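The residues making up each chain are set out below.
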Amino acid sequence: MRNLTSEQYARTKYSEHVVHEETTLLEFLMSALDGISRNRAKDILAGHGVSVDRRETTRYDEPLHPGQVVRVSKHKRSNYLLNKYVKIVYEDKDLIVIEKSEGILSMPATAKQYSAKQVLDEYFSKRHFKCTAHTVHRLDRETSGLMMYAKNIETAQILEENWHSIVYDRRYVAVLCGEMEREGGTVESFLKDNKAYVTFSSPTDPGGGKWSVTHYHTLKTTPRFSLVEFKLETGRKNQIRVHAQDLGHPIVGDRKYGNGTDPIGRLCLHAYRLNFTHPRTGERMQFETPFPTAFQKLLSYNQDK
(Lines give C-alpha, C1' and ligand atoms only; values in the text may rest on other atoms or scores of the structure.)
Protein backbone atom coordinates (compact mmCIF):
# COMPACT_ATOMS: atom_id res chain seq x y z
CA MET A 1 0.00 0.00 0.00
CA ARG A 2 1.38 3.43 -0.96
CA ASN A 3 2.23 5.65 1.98
CA LEU A 4 0.48 9.02 1.99
CA THR A 5 2.18 12.29 2.80
CA SER A 6 0.64 14.37 5.57
CA GLU A 7 -0.94 16.70 2.99
CA GLN A 8 -2.33 13.78 0.96
CA TYR A 9 -3.74 12.23 4.14
CA ALA A 10 -5.34 15.52 5.10
CA ARG A 11 -7.11 15.68 1.73
CA THR A 12 -8.72 12.29 2.42
CA LYS A 13 -10.24 13.77 5.58
CA TYR A 14 -11.03 17.33 4.45
CA SER A 15 -11.97 19.35 1.44
CA GLU A 16 -10.16 22.68 1.26
CA HIS A 17 -11.55 25.89 -0.15
CA VAL A 18 -9.79 29.24 -0.57
CA VAL A 19 -11.72 32.44 0.10
CA HIS A 20 -11.57 34.92 -2.79
CA GLU A 21 -13.84 37.73 -1.59
CA GLU A 22 -15.29 39.20 1.61
CA THR A 23 -18.21 37.08 2.82
CA THR A 24 -19.51 35.17 5.82
CA LEU A 25 -18.82 31.53 6.62
CA LEU A 26 -22.40 30.35 6.09
CA GLU A 27 -22.70 32.04 2.69
CA PHE A 28 -19.27 30.72 1.69
CA LEU A 29 -20.17 27.13 2.56
CA MET A 30 -23.41 27.31 0.62
CA SER A 31 -21.48 28.49 -2.45
CA ALA A 32 -18.38 26.29 -2.11
CA LEU A 33 -20.23 23.03 -1.44
CA ASP A 34 -22.20 22.83 -4.67
CA GLY A 35 -25.02 25.09 -3.57
CA ILE A 36 -26.11 23.15 -0.45
CA SER A 37 -29.06 24.49 1.51
CA ARG A 38 -28.72 26.94 4.37
CA ASN A 39 -29.93 24.32 6.88
CA ARG A 40 -27.42 21.76 5.60
CA ALA A 41 -24.58 24.28 5.93
CA LYS A 42 -25.67 25.04 9.49
CA ASP A 43 -25.73 21.30 10.28
CA ILE A 44 -22.13 20.94 9.08
CA LEU A 45 -21.09 23.87 11.25
CA ALA A 46 -22.98 22.55 14.28
CA GLY A 47 -21.25 19.19 13.78
CA HIS A 48 -17.81 20.77 14.28
CA GLY A 49 -16.83 19.90 10.74
CA VAL A 50 -15.46 23.29 9.67
CA SER A 51 -12.21 25.14 10.37
CA VAL A 52 -10.94 28.50 9.14
CA ASP A 53 -7.14 28.66 8.80
CA ARG A 54 -7.09 25.43 10.85
CA ARG A 55 -9.10 26.98 13.68
CA GLU A 56 -12.30 25.08 14.34
CA THR A 57 -15.45 27.19 14.43
CA THR A 58 -19.22 26.75 14.56
CA ARG A 59 -20.02 30.44 14.10
CA TYR A 60 -22.14 30.76 10.95
CA ASP A 61 -21.76 34.56 10.71
CA GLU A 62 -17.96 34.55 11.03
CA PRO A 63 -16.50 37.05 8.54
CA LEU A 64 -14.14 35.64 5.90
CA HIS A 65 -11.42 37.49 4.04
CA PRO A 66 -9.57 36.77 0.77
CA GLY A 67 -6.76 34.28 1.22
CA GLN A 68 -8.22 32.40 4.16
CA VAL A 69 -8.58 28.63 3.84
CA VAL A 70 -11.75 26.85 4.90
CA ARG A 71 -11.56 23.13 5.60
CA VAL A 72 -14.69 20.98 5.66
CA SER A 73 -14.49 17.52 7.21
CA LYS A 74 -15.62 14.58 5.08
CA HIS A 75 -16.48 12.53 8.15
CA LYS A 76 -18.81 13.02 11.07
CA ARG A 77 -17.25 13.12 14.51
CA SER A 78 -18.37 10.38 16.86
CA ASN A 79 -17.49 12.44 19.94
CA TYR A 80 -19.59 15.48 19.06
CA LEU A 81 -21.95 16.59 21.81
CA LEU A 82 -25.42 15.11 21.44
CA ASN A 83 -27.62 16.31 24.27
CA LYS A 84 -31.25 17.42 24.31
CA TYR A 85 -30.51 20.22 26.77
CA VAL A 86 -27.27 21.69 25.39
CA LYS A 87 -26.36 22.70 21.83
CA ILE A 88 -22.92 24.11 21.00
CA VAL A 89 -23.08 27.35 19.02
CA TYR A 90 -19.40 28.33 19.03
CA GLU A 91 -16.18 26.99 20.53
CA ASP A 92 -12.52 27.96 20.57
CA LYS A 93 -9.61 27.30 22.91
CA ASP A 94 -10.73 29.92 25.44
CA LEU A 95 -14.52 29.78 25.58
CA ILE A 96 -17.64 28.00 24.45
CA VAL A 97 -21.08 29.45 23.62
CA ILE A 98 -24.09 27.18 23.98
CA GLU A 99 -27.85 27.30 23.60
CA LYS A 100 -29.40 25.90 26.76
CA SER A 101 -32.88 24.39 26.80
CA GLU A 102 -35.29 25.06 29.60
CA GLY A 103 -35.27 22.47 32.38
CA ILE A 104 -31.54 22.28 33.15
CA LEU A 105 -29.43 24.25 35.60
CA SER A 106 -26.54 26.40 34.36
CA MET A 107 -24.39 24.99 37.16
CA PRO A 108 -25.17 22.58 40.00
CA ALA A 109 -26.17 23.86 43.43
CA THR A 110 -25.19 20.47 44.88
CA ALA A 111 -22.77 17.83 43.63
CA LYS A 112 -25.42 15.47 42.23
CA GLN A 113 -27.55 17.99 40.32
CA TYR A 114 -27.57 17.68 36.54
CA SER A 115 -26.40 20.87 34.84
CA ALA A 116 -25.13 22.34 31.58
CA LYS A 117 -21.68 22.61 33.18
CA GLN A 118 -21.68 18.84 33.82
CA VAL A 119 -22.71 18.18 30.21
CA LEU A 120 -19.84 20.32 28.94
CA ASP A 121 -17.28 18.81 31.31
CA GLU A 122 -18.21 15.33 30.07
CA TYR A 123 -17.99 16.55 26.47
CA PHE A 124 -14.51 17.99 27.05
CA SER A 125 -13.42 14.73 28.68
CA LYS A 126 -14.60 12.62 25.74
CA ARG A 127 -12.62 14.85 23.38
CA HIS A 128 -9.56 14.53 25.65
CA PHE A 129 -9.50 18.27 26.30
CA LYS A 130 -7.68 19.20 29.49
CA CYS A 131 -10.20 21.83 30.54
CA THR A 132 -13.44 22.31 32.41
CA ALA A 133 -16.37 24.69 31.97
CA HIS A 134 -16.07 27.78 34.17
CA THR A 135 -19.40 29.47 34.84
CA VAL A 136 -19.23 33.24 34.21
CA HIS A 137 -22.98 33.98 34.12
CA ARG A 138 -26.19 31.99 34.55
CA LEU A 139 -29.67 31.43 33.21
CA ASP A 140 -32.45 30.17 35.46
CA ARG A 141 -33.32 26.50 35.10
CA GLU A 142 -36.62 27.48 33.46
CA THR A 143 -35.01 29.95 31.01
CA SER A 144 -33.64 28.87 27.63
CA GLY A 145 -31.11 30.55 25.37
CA LEU A 146 -27.52 31.59 24.84
CA MET A 147 -24.84 31.18 27.48
CA MET A 148 -21.06 31.44 27.56
CA TYR A 149 -18.58 29.40 29.60
CA ALA A 150 -14.84 29.94 29.90
CA LYS A 151 -12.57 26.95 29.23
CA ASN A 152 -9.71 28.08 31.47
CA ILE A 153 -9.33 30.05 34.68
CA GLU A 154 -7.50 32.93 32.99
CA THR A 155 -10.39 33.62 30.59
CA ALA A 156 -12.89 33.19 33.41
CA GLN A 157 -11.14 35.83 35.49
CA ILE A 158 -11.05 38.29 32.59
CA LEU A 159 -14.78 37.82 31.98
CA GLU A 160 -15.73 38.05 35.65
CA GLU A 161 -13.67 41.20 36.27
CA ASN A 162 -14.71 42.98 33.06
CA TRP A 163 -18.14 41.53 32.32
CA HIS A 164 -20.00 44.80 31.77
CA SER A 165 -17.37 46.20 29.40
CA ILE A 166 -16.91 42.91 27.50
CA VAL A 167 -20.58 41.93 27.06
CA TYR A 168 -22.15 44.84 25.20
CA ASP A 169 -25.57 43.46 24.19
CA ARG A 170 -27.67 40.80 25.93
CA ARG A 171 -31.29 40.51 24.92
CA TYR A 172 -34.17 38.27 25.86
CA VAL A 173 -37.59 37.66 24.41
CA ALA A 174 -40.57 36.76 26.58
CA VAL A 175 -44.29 36.15 26.30
CA LEU A 176 -46.10 38.27 28.88
CA CYS A 177 -49.63 37.93 30.17
CA GLY A 178 -52.12 40.42 28.78
CA GLU A 179 -52.01 43.17 26.20
CA MET A 180 -49.13 45.63 26.61
CA GLU A 181 -50.24 49.25 26.87
CA ARG A 182 -46.90 50.78 25.84
CA GLU A 183 -44.60 50.19 22.87
CA GLY A 184 -41.55 50.33 25.09
CA GLY A 185 -39.86 51.86 28.10
CA THR A 186 -37.55 51.24 31.03
CA VAL A 187 -38.13 49.68 34.43
CA GLU A 188 -35.86 50.82 37.27
CA SER A 189 -35.93 49.64 40.87
CA PHE A 190 -33.95 48.15 43.74
CA LEU A 191 -34.08 44.34 43.88
CA LYS A 192 -33.52 42.32 47.03
CA ASP A 193 -34.31 38.80 48.25
CA ASN A 194 -36.56 38.35 51.28
CA LYS A 195 -36.06 35.63 53.89
CA ALA A 196 -37.86 33.11 51.65
CA TYR A 197 -35.37 33.90 48.80
CA VAL A 198 -38.08 35.56 46.74
CA THR A 199 -36.84 38.68 44.94
CA PHE A 200 -38.91 41.79 45.51
CA SER A 201 -38.78 45.21 43.87
CA SER A 202 -38.71 48.59 45.57
CA PRO A 203 -38.45 52.20 44.26
CA THR A 204 -36.21 53.03 47.22
CA ASP A 205 -33.33 51.03 48.69
CA PRO A 206 -34.74 48.71 51.39
CA GLY A 207 -31.21 48.20 52.69
CA GLY A 208 -28.84 45.99 50.74
CA GLY A 209 -30.90 46.23 47.56
CA LYS A 210 -29.27 46.35 44.12
CA TRP A 211 -30.20 49.05 41.62
CA SER A 212 -31.57 47.35 38.48
CA VAL A 213 -32.42 48.67 35.03
CA THR A 214 -34.32 46.81 32.31
CA HIS A 215 -35.28 48.22 28.89
CA TYR A 216 -38.22 46.67 27.03
CA HIS A 217 -39.80 46.87 23.59
CA THR A 218 -43.15 45.35 22.61
CA LEU A 219 -42.81 43.29 19.43
CA LYS A 220 -46.35 41.97 19.14
CA THR A 221 -49.46 42.12 21.30
CA THR A 222 -52.84 40.38 21.44
CA PRO A 223 -55.67 40.63 23.98
CA ARG A 224 -54.26 37.67 25.92
CA PHE A 225 -50.48 37.72 25.39
CA SER A 226 -47.64 40.02 24.32
CA LEU A 227 -44.25 39.22 22.80
CA VAL A 228 -41.70 41.56 24.38
CA GLU A 229 -37.95 42.07 23.96
CA PHE A 230 -35.89 42.86 27.06
CA LYS A 231 -32.41 44.40 27.13
CA LEU A 232 -30.49 44.27 30.38
CA GLU A 233 -28.52 47.26 31.58
CA THR A 234 -27.80 45.43 34.85
CA GLY A 235 -27.82 41.69 35.44
CA ARG A 236 -29.52 40.90 38.74
CA LYS A 237 -31.08 37.67 39.94
CA ASN A 238 -34.60 37.25 38.50
CA GLN A 239 -34.41 40.80 37.13
CA ILE A 240 -36.57 40.37 34.02
CA ARG A 241 -39.11 38.21 35.83
CA VAL A 242 -39.59 40.73 38.64
CA HIS A 243 -39.62 43.76 36.33
CA ALA A 244 -42.24 42.08 34.12
CA GLN A 245 -44.30 41.67 37.27
CA ASP A 246 -43.74 45.39 37.99
CA LEU A 247 -45.17 46.19 34.55
CA GLY A 248 -48.36 44.37 35.52
CA HIS A 249 -47.70 41.76 32.83
CA PRO A 250 -45.85 38.79 34.38
CA ILE A 251 -44.10 36.24 32.18
CA VAL A 252 -46.30 33.39 31.00
CA GLY A 253 -45.48 30.17 32.87
CA ASP A 254 -43.69 31.93 35.74
CA ARG A 255 -44.65 29.93 38.80
CA LYS A 256 -42.75 32.23 41.16
CA TYR A 257 -43.64 35.72 39.92
CA GLY A 258 -46.56 34.98 37.59
CA ASN A 259 -50.34 34.83 37.82
CA GLY A 260 -50.84 31.10 37.21
CA THR A 261 -51.07 31.28 33.40
CA ASP A 262 -49.09 28.37 31.93
CA PRO A 263 -50.47 27.25 28.52
CA ILE A 264 -47.33 25.52 27.20
CA GLY A 265 -45.82 24.16 30.41
CA ARG A 266 -42.71 26.33 30.59
CA LEU A 267 -41.42 29.76 31.53
CA CYS A 268 -41.71 31.81 28.34
CA LEU A 269 -38.32 33.52 28.62
CA HIS A 270 -35.48 33.01 26.12
CA ALA A 271 -32.03 34.63 25.90
CA TYR A 272 -31.80 35.13 22.15
CA ARG A 273 -28.84 37.50 21.72
CA LEU A 274 -25.34 37.49 23.23
CA ASN A 275 -22.79 39.96 21.85
CA PHE A 276 -19.38 40.43 23.41
CA THR A 277 -15.77 41.34 22.73
CA HIS A 278 -13.59 38.24 22.81
CA PRO A 279 -11.58 38.43 26.07
CA ARG A 280 -8.41 37.16 24.35
CA THR A 281 -8.49 38.36 20.75
CA GLY A 282 -10.58 41.53 21.08
CA GLU A 283 -12.81 40.37 18.20
CA ARG A 284 -16.48 41.38 18.35
CA MET A 285 -18.53 38.20 18.67
CA GLN A 286 -22.25 38.27 17.84
CA PHE A 287 -24.66 35.39 18.40
CA GLU A 288 -28.42 35.08 17.99
CA THR A 289 -30.86 32.18 18.16
CA PRO A 290 -34.40 32.13 16.72
CA PHE A 291 -37.30 32.84 19.05
CA PRO A 292 -38.85 29.56 20.28
CA THR A 293 -41.56 28.48 17.86
CA ALA A 294 -43.88 27.79 20.81
CA PHE A 295 -43.77 31.52 21.67
CA GLN A 296 -44.77 32.51 18.14
CA LYS A 297 -47.52 29.90 17.96
CA LEU A 298 -48.92 31.02 21.29
CA LEU A 299 -49.47 34.55 20.03
CA SER A 300 -50.64 33.48 16.55
CA TYR A 301 -53.15 31.01 17.98
CA ASN A 302 -54.60 33.47 20.44
CA GLN A 303 -54.73 36.26 17.87
CA ASP A 304 -57.17 34.17 15.87
CA LYS A 305 -59.47 33.72 18.85
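Above this note sits the structure.
On a predicted model such as this, the values are computed, not experimentally measured, just so you know.

Q: Help me understand the pattern of salt bridges, please; the structure alone is not making it clear to me.
A: A side chain of one charge can pair with a side chain of the opposite charge if their charged atoms are brought near each other. Under the counting rule described, the total for this entry stands at 19 salt bridges. Across the pair D169 and R171 runs a salt bridge whose closest N-O atoms are separated by 2.9 Å. Just as D169 is buried, R171 falls in that class too. A salt bridge links K237 to D193; its shortest N-O distance comes to 2.7 Å.

Q: Explain the environment of L219 to me, please; I cannot follow it from the model alone.
A: Mapped onto the fold, L219 is located in strand β14 (residues 210-221). L219 gets classed as partly exposed once you look at its relative accessible area, which sits at 37%. Each C-alpha atom of the pair L219 and E183 lies 7.9 Å from the other, and the pair is 36 residues apart in sequence.

Q: Help me out: how do you make sense of the pairing of strand β15 (residues 225-232) in this one?
A: Where a strand is regular, its side chains alternate between the two sheet faces. Within β15, seven of the eight residues are buried, which leaves it mostly tucked inside the rest of the structure. With seven bridges connecting them, strand β11 (residues 167-177) and β15 associate as antiparallel partners. Note that in β15 the partner of R171 across the bridge is K231. Connecting the antiparallel pair β14 and β15 is a turn made up of three residues.

Q: Looking at this model, I keep getting lost on the sheet that holds strand β4 (residues 55-56). Mind explaining?
A: In sheet architecture, strand pairing relies on hydrogen bonds along the backbone and comes in two forms, parallel and antiparallel. An order of β1-β6-β3-β4 is seen for the four strands of this open sheet, with the pairing classed as antiparallel. Looking at strand neighbours, the two that pair on one side only are β1 (14-18) and β4, the edges of this open sheet. Sheet topology places strand β3 (residues 50-52) next to β4; two bridges connect them, and they run antiparallel. The residue of β4 that forms the bridge with V52 is R55. Across the sheet, helix α2 (residues 25-32) is in contact with β1, β3 and β6 (69-73); its angle to β6 comes to roughly 65°.

Q: How do you make sense of unusual backbone geometry when you look at a structure like this?
A: Unusually for a residue other than glycine, H128 sits at a positive phi of about 60°. As for its placement among the helices and strands, H128 is situated in the loop between α4 (116-126) and β9 (134-135). At N238, a residue that is not glycine, the phi angle is positive and equals roughly 60°. Here N238 is to be found in the loop between β15 and α7 (239-246).

Q: Help me understand the environment of R170 in this model?
A: Note on placement: R170 falls in strand β11. By relative accessible area, R170 is classed as buried at 15%. When the C-alpha atoms of R170 and V136 are compared, they prove to be 14 Å apart, with 34 residues separating the residues in sequence. Side-chain polar atoms of R170 contact the side chain of Y172, separated by 2.7 Å.

Rules behind the numbers
- Residues numbered from 1 in each chain as written.
- Predicted model: local features only at pLDDT ≥ 70, side-chain atom pairs only at ≥ 80, totals over all residues.
- Heavy atoms only, no water.
- Salt bridge = Lys/Arg side-chain N within 4 Å of Asp/Glu carboxyl O.
- Buried < 20%, exposed > 50% of the residue type's maximum accessible area, 1.4 Å probe, protein only.
- Helix = DSSP H or I, 4+ residues; strand = E, 2+ residues; numbered from the N terminus.
- Pairing = 2+ DSSP bridges.
- Contact = heavy atoms within 4.5 Å.
- Axes fitted to C-alpha atoms, helices over the stretch in contact; angles between N-to-C directions.
- Polar contact = N/O pair within 3.5 Å; in protein donor to acceptor, adjacent residues only side chain to side chain.

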